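# Residue-level structure breakdown
In case you want the letters, here they are:
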Amino acid sequence: MEVEQMQRSFLEYTSALFREGFLDSQFNQLQQLQDESNPDFVLEVVSLFFEDSQRLLNDLTLALELQNVDFKKIDAHVHQLKGSSASIGAQRVKNSCIAFRSSCEDQNGQECMRCLQQVKEEYLLVKAKLEALLRLEQQIVAAGGAIPMLN
């Protein structure tokens, strides 16, 4: 695939991620911080998000399986995940965390389990979509092209 076609695909795919609510303007801001002096900035930030999110989701799963659920601890983990999601523009994960925190406040274990599943689903979706976007970005750079920006 030629560079121009890859750049068009990148813009179309990125637009779809915004249209479908996976990403918000915070992701645009991340992209704007990437330049020649820091060409892997988005990749590095998103990779840290993946690592951090996976750890938090594992911690949440374990915490909800305990006999005596510590809802304050769960809420702290969800709050951290919400912040991480917001910082990279993962809008649907962030929104799922907001509902999850409400269930923590109500100390509703069953609802927290349902919310955890929802957060995991949204996380896995955005992870797959961001991985595809980053692969396309790397292909464009490898072919000698510049990463296009949405207006």
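Everything in this summary refers to the structure shown in the same document.

Conventions and cut-offs
Residues numbered from 1 in each chain as written. Predicted model: local features only at pLDDT ≥ 70, side-chain atom pairs only at ≥ 80, totals over all residues. Heavy atoms only, no water. Axes fitted to C-alpha atoms, helices over the stretch in contact; angles between N-to-C directions. Helix = DSSP H or I, 4+ residues; strand = E, 2+ residues; numbered from the N terminus. Parallel < 35°, antiparallel > 145°, perpendicular 65-115°, else oblique. Contact = heavy atoms within 4.5 Å. Nonpolar A, V, L, I, M, F, W, Y, C, P; charged D, E, K, R; others polar. Core = buried A, V, L, I, M, F, W, Y, C linked by side-chain atoms within 4.5 Å. Buried < 20%, exposed > 50% of the residue type's maximum accessible area, 1.4 Å probe, protein only. Phe/Tyr/Trp six-rings, centres within 6.5 Å; stacked < 30°, edge-to-face > 60°. Left-handed = near helix turned anticlockwise from the far one by under 90°. Salt bridge = Lys/Arg side-chain N within 4 Å of Asp/Glu carboxyl O.

## Looking at the packing of helix α5 (residues 91-105) against helix α6 (residues 109-142)
At their nearest, the axes of α5 and α6 sit 9 Å apart, and the two run at 170° to each other. The angle between α5 and α6 falls in the class roughly antiparallel. Side by side, α5 and α6 meet where R92, V93, S96, C97, A99, F100, S103 and C104 of the first sit next to E111, C112, C115, L116, Q118, V119, E122, Y123, L125 and V126 of the second. The class makeup of the residues in the contact of α5 with α6 is twelve nonpolar, three polar and three charged.

## Some details on the nonpolar core
Ranked by internal contacts, the top residues of the largest apolar core, which has 39 residues, are F27, I74, F100, V126 and L130. Broken down by secondary-structure element, the contributors of at least two residues to this core are α1 (3-19), α2 (25-33), α3 (41-64), α4 (71-88), α5 and α6. When residues in this core are grouped by element, the largest group, eleven residues, is from α6. Look past the residues within four positions of L130 in its chain and what remains in contact with it is L23, F27, V46, F50 and I88.

## Section: the packing of aromatic side chains
If you walk through the whole model with that rule in mind, you get three aromatic pairs. Look at F49 and F50: their rings are 6.0 Å apart centre to centre, the planes differ by 50°, and that puts the pair in the tilted class. F50 matches F49 in its accessibility class, with the two residues each being buried. Look at F50 and Y123: their rings are 6.4 Å apart centre to centre, the planes differ by 80°, and that puts the pair in the edge-to-face class. Here F50, found in helix α3, pairs with Y123, found in helix α6; they are 73 residues apart in sequence, far enough to count as distant.

## Here's the deal with the packing of α3 against α4
In the contact formed by α3 and α4, the axes pass within 10 Å of each other and the chain directions differ by 160°. With respect to α4, the axis of α3 lies roughly antiparallel. Handedness of the crossing formed by α3 with α4: left-handed. Each of V45, F49, D52, S53, R55, L56, L57, D59, L60, A63 and L64 in α3 lies in contact with α4, whose residues at this interface are I74, H77, V78, Q80, L81, S84, S85 and I88.

## A look at the pattern of salt bridges
Tallied over the entire structure, the rule returns seven salt bridges. Residue R92 pairs with E122 through a salt bridge whose shortest N-O separation is 2.9 Å. Of the two residues, R92 is situated in helix α5 and E122 in helix α6; the sequence distance between them amounts to 30 residues. When the shortest N-O distance is used, the salt bridge between E131 and K127 registers 2.9 Å. Of this pair, E131 and K127 both sit in helix α6, separated by four residues, roughly a single helical turn. Judged by relative accessible area, which is 22%, K127 ranks as partly exposed. Shared partners join several salt bridges into a network, and the residues in it are D52, R55 and D59.

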